[in-house]
Amino acid sequence: MQGGLGITDYIIWNEAAMVRKLLTKDRLLRLKISQDNWCIICGSQPETVEHLFFECKFSAACLQMLLKLVQKGTIKNDVKGVWHRSIRAVKGKKCRALITAMTAVLIYIIWWARNEALWNQRAPSPGVICAQVQQECKIRVVIFYTGNVAGMRGSG
């Protein structure tokens, strides 16, 4: 994934996902733009916002990898539920901001992975997704603490 969005852009973009404005395959089928409505990543369920971000095995695997990184266990594997529980569990404004940023970035990158599968017939692995989320969050943390935006993109 090249370039990137600012955290405000991620949050605005995620609002579109949460109010079901994304053109998932179920919406495209209703608009008579698509021939089918099956999830392009797993192929086991119709592709709705709920399925793609909260129910799909691919999304669950990505989420589990991220939860391992932050050493959080969870019983339920949906992104929205984990975000709500994590926000309540952490102390401090900065920690809550990081959890929110991770969730927003994860949802955005899952959408990007879905589009890679749709348009380029390849989906990145959950490990690649997790690495991208980590990189984006690392950039956000450095910018947050230093205020230095110049030179952050493309540095690894």
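Residues numbered from 1 in each chain as written. Predicted model: local features only at pLDDT ≥ 70, side-chain atom pairs only at ≥ 80, totals over all residues. Heavy atoms only, no water.

Visitor: Mind showing me how you'd approach the overall build of the protein here?
Guide: Each helix and strand counted, the protein has seven helices and zero strands in total. The N-to-C order of helical and strand elements in the protein reads α-α-α-α-α-α-α. Across the 156 residues in the protein, those meeting the buried criterion constitute 39%. Nonlocal contacts in the protein, meaning residues at least 24 apart in sequence, comprise 52% of its contacts between residues at least 6 apart. Entry remark: accessible area of the protein is about 9,100 Å², with carbon and sulfur atoms responsible for 59%. (Helix = DSSP H or I, 4+ residues; strand = E, 2+ residues; numbered from the N terminus. Buried < 20%, exposed > 50% of the residue type's maximum accessible area, 1.4 Å probe, protein only. Contact = heavy atoms within 4.5 Å. Areas by Shrake-Rupley, 256 points an atom, 1.4 Å probe, with all protein chains shown as cover.)

Visitor: Teacher, can you tell me more about the nonpolar core here?
Guide: Nonpolar side chains in soluble globular proteins tend to end up buried together. Formed by 25 residues in total, the largest nonpolar core has its most connected members in Phe-53, Phe-58, Leu-66, Leu-106, Ile-109, Ile-129 and Val-133. Those elements that place two or more of their residues in this core are helix 3 (49-55), helix 4 (57-69), helix 6 (93-120) and helix 7 (126-146). Take this core: its biggest share by element is nine residues, from helix 6. (Core = buried A, V, L, I, M, F, W, Y, C linked by side-chain atoms within 4.5 Å.)

Visitor: Teacher, can you tell me more about helix 4 here?
Guide: Two residues of an α-helix separated by three or four positions point the same way, owing to the 3.6 residues in each turn. The terminal C-alpha atoms of helix 4, which comprises 13 residues, lie 19 Å apart, in line with the 18 Å expected from a rise of 1.5 Å per residue. Phe-58, Ser-59, Ala-60, Cys-62, Leu-63, Leu-66 and Leu-67 are the residues of helix 4 that are buried. (Expected span 1.5 Å × (residues − 1).)

Visitor: Which parts of the structure should I look at to understand the environment of Ser-59?
Guide: Looking at where Ser-59 falls in the secondary structure, it is placed in helix 4. Its relative accessible area of 2% is what places Ser-59 among the buried residues. The spatial distance from the C-alpha of Ser-59 to the C-alpha of Trp-111 is 9.9 Å, given a sequence separation of 52 residues.

Visitor: Any chance you could explain the side chain of Lys-25 here in plain terms?
Guide: Tracing the backbone through its elements, the reader meets Lys-25 in helix 2 (residues 25-30). Assessed through its relative accessible area of 7%, Lys-25 is described here as buried. Here the side chain of Lys-25 touches Trp-38 through a polar contact of 3.3 Å, landing on its backbone oxygen. (Polar contact = N/O pair within 3.5 Å; in protein donor to acceptor, adjacent residues only side chain to side chain.)

Visitor: Honestly, the packing of helix 6 against helix 7 in this entry has me stumped. Any pointers?
Guide: Two packed helices can be described by the angle between their axes and the distance between those axes. Their axes nearest at 9 Å, the elements helix 6 and helix 7 cross at an angle of 140°. Classified by the angle between their axes, helix 6 and helix 7 sit oblique to one another. Relative to helix 7, helix 6 is oriented so that their crossing is right-handed. Contacts from Lys-94, Leu-98, Ala-101, Met-102, Val-105, Leu-106, Ile-109, Trp-112 and Ala-113 of helix 6 reach helix 7 at Ile-129, Gln-132, Val-133, Glu-136, Cys-137, Val-141, Phe-144 and Tyr-145. Tallied by class, the residues present in the contact of helix 6 with helix 7 amount to 14 nonpolar, one polar and two charged. (Axes fitted to C-alpha atoms, helices over the stretch in contact; angles between N-to-C directions. Parallel < 35°, antiparallel > 145°, perpendicular 65-115°, else oblique. Left-handed = near helix turned anticlockwise from the far one by under 90°. Nonpolar A, V, L, I, M, F, W, Y, C, P; charged D, E, K, R; others polar.)

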